[in-house]
Amino acid sequence: QRLHAHREKIQSALPHLPPNRSAILPLPIGAEKTALALAANLWDQGFWVPAIRFPTVARNSARLRLIVTAAHTDNDVQQVMGLLAAPDLHYKPEG
């Protein structure tokens, strides 16, 4: 139940996420270089959000893989949502 609450909170804050009932939330980025830079920035802030890129996904379809667990605290969720919304991350949804 805690996992679902975290996932729903993130999905409501990031409405461009594809609809998903999984604990793994794919955040579409597009360019591989951008996805890698975003993942590195999140890592520097203490969050492991790996970049998924070619050949796992098609070229220019890179994404971040945000994995939510029941072990995350409400503060963890708030922090990562704030980082994803921060202008210095330069995150822009595709399309």
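It should be noted that the structure appears before, not after, this text.
Residues numbered from 1 in each chain as written. Predicted model: local features only at pLDDT ≥ 70, side-chain atom pairs only at ≥ 80, totals over all residues. Heavy atoms only, no water.

## Concerning the packing of aromatic side chains
Spelled out, the test is: In this analysis, rings of Phe, Tyr and Trp, with Trp reduced to its six-membered ring, are considered paired at centre separations within 6.5 Å, and the interplanar angle assigns stacked below 30 degrees, edge-to-face beyond 60, and tilted for intermediate values. Here, a charge over a ring is recorded when the distance from Lys NZ or Arg CZ to the ring centre is within 6 Å and its angle to the ring normal is within 35 degrees.
Enumeration over the complete set of coordinates arrives at 0 aromatic pairs. Above the ring of Phe 54, the side-chain terminus of Arg 59 is found at 3.8 Å from the ring centroid.

## Quick word on helix α1 (residues 2-13)
Note the following rule: Going along the chain from the N terminus, every DSSP run of H or I of four or more residues is numbered as a helix, and every run of E of two or more is numbered as a strand. To estimate the expected span of a helix, count its residues, drop one, and scale the result by 1.5 Å. Relative accessibility decides the category of a residue: with a 1.4 Å probe and only protein chains considered, values under 20% of the type maximum give buried, values over 50% give exposed, and everything between is partly exposed. What the arc measures is the spread of directions leading from the helix axis to the C-beta atoms.
With 12 residues, α1 extends 17 Å between its outermost C-alpha atoms, agreeing within 8% with the 16 Å of an ideal straight helix rising 1.5 Å per residue. Within α1, burial applies to His 6, Arg 7, Ile 10 and Gln 11. On an axial view of α1, the arc spanned by its buried residues comes to 130°, and they lie on one face.

## Concerning the nonpolar core
To keep it simple, the criterion reads: Buried residues of nine kinds, namely Ala, Val, Leu, Ile, Met, Phe, Trp, Tyr and Cys, make up a nonpolar core once their side-chain atoms join them within 4.5 Å. Every residue pair with non-hydrogen atoms within 4.5 Å of one another is taken to be in contact.
Within the largest apolar cluster, 22 residues are counted, with the highest numbers of intra-cluster contacts made by Ile 10, Leu 42, Leu 64 and Leu 66. Put simply, the parts of the chain that give this core at least two residues each are β1 (24-30), α2 (32-44), β3 (62-67) and α3 (74-85). Among the elements that take part in this core, α3 stands out by supplying 5 residues, more than any other. When near neighbours in sequence (up to four residues on either side) are disregarded, Ile 10 contacts Leu 17, Leu 25, Leu 66, Val 68, Val 77 and Met 81.

## Observations concerning the layout of surface pockets
A water-sized probe, rolled over the atoms, reveals where empty space remains. The condition that has to hold: Buriedness of a pocket was judged along seven lines, with at least five required to meet protein on both sides within 12 Å; pockets are open sets of points on a 1 Å grid over the protein atoms alone, cavities are sets where a 1.4 Å probe fits but cannot get out, and lining residues have an atom within 4 Å of a point. Grid points are joined across faces, edges and corners, and a volume is the space filled by probe spheres set on the points. All amino acids are sorted into three groups, where Ala, Val, Leu, Ile, Met, Phe, Trp, Tyr, Cys and Pro are nonpolar, Asp, Glu, Lys and Arg are charged, and the leftover types, Gly among them, are polar.
By volume, the largest pocket is sized at about 160 Å³. If you list the elements that add at least two residues to the lining of the largest pocket, you get β3 and α3. Of the residues belonging to the lining of the largest pocket, the class tally is 9 nonpolar, 1 polar and 2 charged.

Purely geometric numbers; function is a separate question.
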